[in-house]
Amino acid sequence: MSKLVENACKEVKSGYKDLINQVRHIGNKFLSAVEISAQEAVYLTLQLPLQRSSRQVQFINTTIPNERTFLLKPMDKLQELPGNSEDNIIKSLDDFLPENDFEDNLDDDQNDAMSDKDINFIQDEYQLKGSYKLVKRSVSKVIRSVRYNKNKSPESYYREQLMLYMPWRNEDENLICACQTFEEKYEQLKDIILKNRSHCEVYSDVLEKAVEDLDNFLNVMIMVI
């Protein structure tokens, strides 16, 4: 880092910049550069994992559909499409499943004969069409999302909460229903949403406060530089 600052000072002295631009130039070096150890550099070069976790992370894209960055479907899925098909992107989490319709293979007599233990077991496993089975995870994933700011983007924030913690099938219709705004719909289901969110975001208030403090700190640093 000292070598980097030294080079930045030489660049400032060799150019014709006023005092404000000189400070900004040196400050940008601090913000855009990171000092790492030799061990970390070796790990990055060899593409070794820097950390190991007992929990997997699932990112849910909660942005507005027309503003999302989509992924291409796997090659085997693309090869099954007709030559003139334009359906080559993964639009939602459902696209990862071969079929998203559930089928019930039990008749009424079997349902009546099942014990409570059997019913709980069936609720953890769902048979999908095409001989695929959906099994409830034994270890929960950590959910990541855009995390809109409630004060800066209130409608996007309320839409995200509805999308994450309420059941829906059609994103364009079921999230807002007959309400005029997402905030109105959120207020109707606020108690249910907060209850569902408490299972996934134990320290959500602390995290939001930390993110807000970090944003304020960065804004102050930008103004100073």
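The structure we're discussing is the one just above.
Residues numbered from 1 in each chain as written. Predicted model: local features only at pLDDT ≥ 70, side-chain atom pairs only at ≥ 80, totals over all residues. Heavy atoms only, no water.

Engineer: Which parts of the structure should I look at to understand the side chain of serine 145?
Structural biologist: Turning to its location among the elements, serine 145 is positioned in the loop between strand 6 (142-144) and helix 7 (154-165). Residue classification places serine 145 among the buried positions, given a relative accessible area of 14%. One polar contact links serine 145 to glutamate 160, side chain to side chain, over a distance of 3.2 Å. Apart from residues no more than four positions distant in its own chain, serine 145 is found in contact with Phe59, Ile60, Thr62, Glu160 and Leu164. (Helix = DSSP H or I, 4+ residues; strand = E, 2+ residues; numbered from the N terminus. Buried < 20%, exposed > 50% of the residue type's maximum accessible area, 1.4 Å probe, protein only. Polar contact = N/O pair within 3.5 Å; in protein donor to acceptor, adjacent residues only side chain to side chain. Contact = heavy atoms within 4.5 Å.)

Engineer: Looking at this structure, I do not really get the packing of aromatic side chains. What am I missing?
Structural biologist: For any pair of aromatic rings, geometry is given as the distance between the ring centres together with the angle between the planes. For the structure shown, the criterion picks out 2 aromatic pairs. Seen in terms of ring centroids, tyrosine 157 and tyrosine 158 are 5.4 Å apart; in terms of plane orientation they differ by 75°. Their pairing is edge-to-face. In this structure tyrosine 157 comes out as buried when scored by relative accessible area, which is 6%. Note on tyrosine 158: relative accessible area 6%, which makes it buried. Look at tyrosine 158 and tyrosine 186: their rings are 4.9 Å apart centre to centre, the planes differ by 45°, and that puts the pair in the tilted class. Of the two residues, tyrosine 158 is situated in helix 7 and tyrosine 186 in helix 9 (residues 182-188); the sequence distance between them amounts to 28 residues. Among the aromatic residues, those joined into a ring-pair cluster are Tyr157, Tyr158 and Tyr186. (Phe/Tyr/Trp six-rings, centres within 6.5 Å; stacked < 30°, edge-to-face > 60°.)

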